[in-house]
Amino acid sequence: MKIFATVGSVTLLAVLLAPAAPALAEDIDLSTWTCKQFQAASKDDIGVILAWLDGYYKDEDDPPVIDTTKFVDNAKKLGEYCSAHPDIGLITATDKLFQKE
């Protein structure tokens, strides 16, 4: 009897939490994205991409700190560059701007 109560509780919890779970988007392959695709992405996707790029371009020994001023400055710099070069690959653009070699 306890097994059925536990299964019922887990099922009820899953049903209640399902609407709160965010929808999963498709994978974002940044190696194929252009600046134009980046700028046309949803606000949420842009935020995720910018956060990922911030970590990607940090040195291995950098502390796990997000410098919000630098983050915003880099986002603006990337936006301006992408506006001027919509057909360039996103990673090519960020490598150029943020010196990843």
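From a predicted model like this one, the values you see are computed outputs, not experimental measurements.

Caption draft 1: Inspection of the environment of Leu30 at higher detail. Here Leu30 shows up in the loop between helix 1 (2–17) and helix 2 (35–40). Taking the C-alpha atoms as reference points, Leu30 and Gly89, 59 residues apart in sequence, are found 8.4 Å from one another. Setting aside residues up to four positions removed in sequence, Leu30 forms contacts with Ile49, Trp52, Leu90 and Ile91.

Caption draft 2: Structural detail: the packing of helix 3 (residues 43–56) against helix 4 (residues 68–84). Across the interface, helix 3 lies against helix 4 with an axial gap of 11 Å and an inter-helix angle of 110°. Between helix 3 and helix 4, the angle falls in the class roughly perpendicular. For the crossing formed where helix 3 meets helix 4, the hand is right-handed. Residue-level inspection shows Leu50, Ala51, Leu53 and Asp54 of helix 3 in contact with helix 4, the latter providing Phe71, Ala75 and Leu78. Looking at the contact of helix 3 with helix 4 residue by residue, the class counts come to six nonpolar, no polar and one charged.

Caption draft 3: Quick look at the packing of aromatic side chains. For the structure shown, the criterion picks out three aromatic pairs. Both rings, one in Trp52 and one in Tyr56, keep their centres 4.7 Å apart while their planes meet at 15°; by these two values the pair is stacked. Of this pair, Trp52 and Tyr56 both sit in helix 3, four residues apart, which is roughly one turn of the helix. For Tyr56, a relative accessible area of 34% gives the class partly exposed. By way of ring pairs, the aromatic residues Trp52, Tyr56, Tyr57 and Phe98 are connected into one cluster.

Cut-offs applied
- Residues numbered from 1 in each chain as written.
- Predicted model: local features only at pLDDT ≥ 70, side-chain atom pairs only at ≥ 80, totals over all residues.
- Heavy atoms only, no water.
- Helix = DSSP H or I, 4+ residues; strand = E, 2+ residues; numbered from the N terminus.
- Contact = heavy atoms within 4.5 Å.
- Axes fitted to C-alpha atoms, helices over the stretch in contact; angles between N-to-C directions.
- Parallel < 35°, antiparallel > 145°, perpendicular 65-115°, else oblique.
- Left-handed = near helix turned anticlockwise from the far one by under 90°.
- Nonpolar A, V, L, I, M, F, W, Y, C, P; charged D, E, K, R; others polar.
- Phe/Tyr/Trp six-rings, centres within 6.5 Å; stacked < 30°, edge-to-face > 60°.
- Buried < 20%, exposed > 50% of the residue type's maximum accessible area, 1.4 Å probe, protein only.

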